[in-house]
Amino acid sequence: MRRLLAISALLAISSSALAVEPDEQLADPALEARAREISRDIRCVVCQSENIDDSNAPLARDLRLLVRERLVAGDSDDAVVDYLVARYGDFVLLKPRVQKNTVFLWAAPVAAAAAGAIGLWSVLRAATSRVVPPKPLTPDEVDALSRFD
């Protein structure tokens, strides 16, 4: 049973490493390294949570081949990414660029953290302002306490 679990775990871990097939790889190691670097930042539009380098989807394969085709044609890394964005839109980028239409994506986490900090500050401030100082002890209470000495 343990052996079966170990084999299953190894297959699950190694499946993403097998996404780039040998027939896709370029002969030039420098171009292949550039293709891998670009592919890590391009979203598989089928899987949506993986980059095209890790995805086994047929469209991801097509995109990997397209990246390599553009690199062999002499395009720069930025030109390849710009080509993919022009063809598939900003959604294809795993890390969207800061632009007019994506400012909300970048500003929302900061605004949420600021709102949370302000809310926490106001709750703590309200809690500390409600602290009532203790009343002084009555003479009977002082007498009762002095008996314990």
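Rules used in this analysis
- Residues numbered from 1 in each chain as written.
- Predicted model: local features only at pLDDT ≥ 70, side-chain atom pairs only at ≥ 80, totals over all residues.
- Heavy atoms only, no water.
- Axes fitted to C-alpha atoms, helices over the stretch in contact; angles between N-to-C directions.
- Helix = DSSP H or I, 4+ residues; strand = E, 2+ residues; numbered from the N terminus.
- Parallel < 35°, antiparallel > 145°, perpendicular 65-115°, else oblique.
- Left-handed = near helix turned anticlockwise from the far one by under 90°.
- Contact = heavy atoms within 4.5 Å.
- Disulfide = S-S within 2.5 Å.
- Expected span 1.5 Å × (residues − 1).
- Buried < 20%, exposed > 50% of the residue type's maximum accessible area, 1.4 Å probe, protein only.
- Arc of directions from axis to C-beta.
- Polar contact = N/O pair within 3.5 Å; in protein donor to acceptor, adjacent residues only side chain to side chain.
- pLDDT = per-residue confidence, 0-100.
- Phe/Tyr/Trp six-rings, centres within 6.5 Å; stacked < 30°, edge-to-face > 60°.
- Lys NZ or Arg CZ within 6 Å of the ring centre and 35° of its normal.

Bringing the packing of helix H2 (residues 29–40) against helix H3 (residues 58–72) into the picture now. For the pair H2 and H3, the least separation of the axes is 10 Å and the interaxial angle reads 135 degrees. As far as their axial angle goes, H3 and H2 are oblique. Judged by the twist between their axes, the crossing of H2 over H3 is right-handed. The segment H2 lies against H3, with Leu 31, Glu 32, Arg 34, Ala 35, Arg 36, Ile 38 and Ser 39 engaging Arg 64, Val 67, Arg 68, Leu 71 and Val 72.

With that settled, consider the state of the cysteines. Per the stated rule, a full pass over the model turns up 0 disulfides. Among the cysteines around Cys 44, which has no disulfide bond, Cys 47 carries the closest sulfur, lying 3.4 Å off.

What follows deals with H2. Taking 1.5 Å per residue, 12 residues should reach 16 Å; H2 reaches 17 Å between its end C-alpha atoms and fits that length. Of all the positions in H2, only Leu 31, Glu 32, Ala 35, Ile 38 and Ser 39 are classed as buried. Each buried residue of H2 lies within a common arc of 125 degrees when the element is viewed along its axis, so the set occupies one face. Considering only its buried residues, H2 is in contact with H3 and helix H4 (77–88). Between a side-chain oxygen at the N-terminus of H2 and the backbone nitrogen of Ala 30 the separation is 3.2 Å; the capping residue is Asp 28.

This part covers the confidence of the model for the protein chain. Of all residues in the protein chain, 86% have pLDDT values of 70 or greater, and the mean over the chain is 83. When mean pLDDT is taken per element in the protein chain, H4 scores highest with 92 and helix H1 (residues 2–14) scores lowest with 57.

This next bit is on the packing of aromatic side chains. Under the counting rule described, the total for this entry stands at 0 aromatic pairs. The cationic tip of Arg 43 hangs over the ring face of Phe 91; the distance from NZ or CZ to the ring centre is 4.6 Å.

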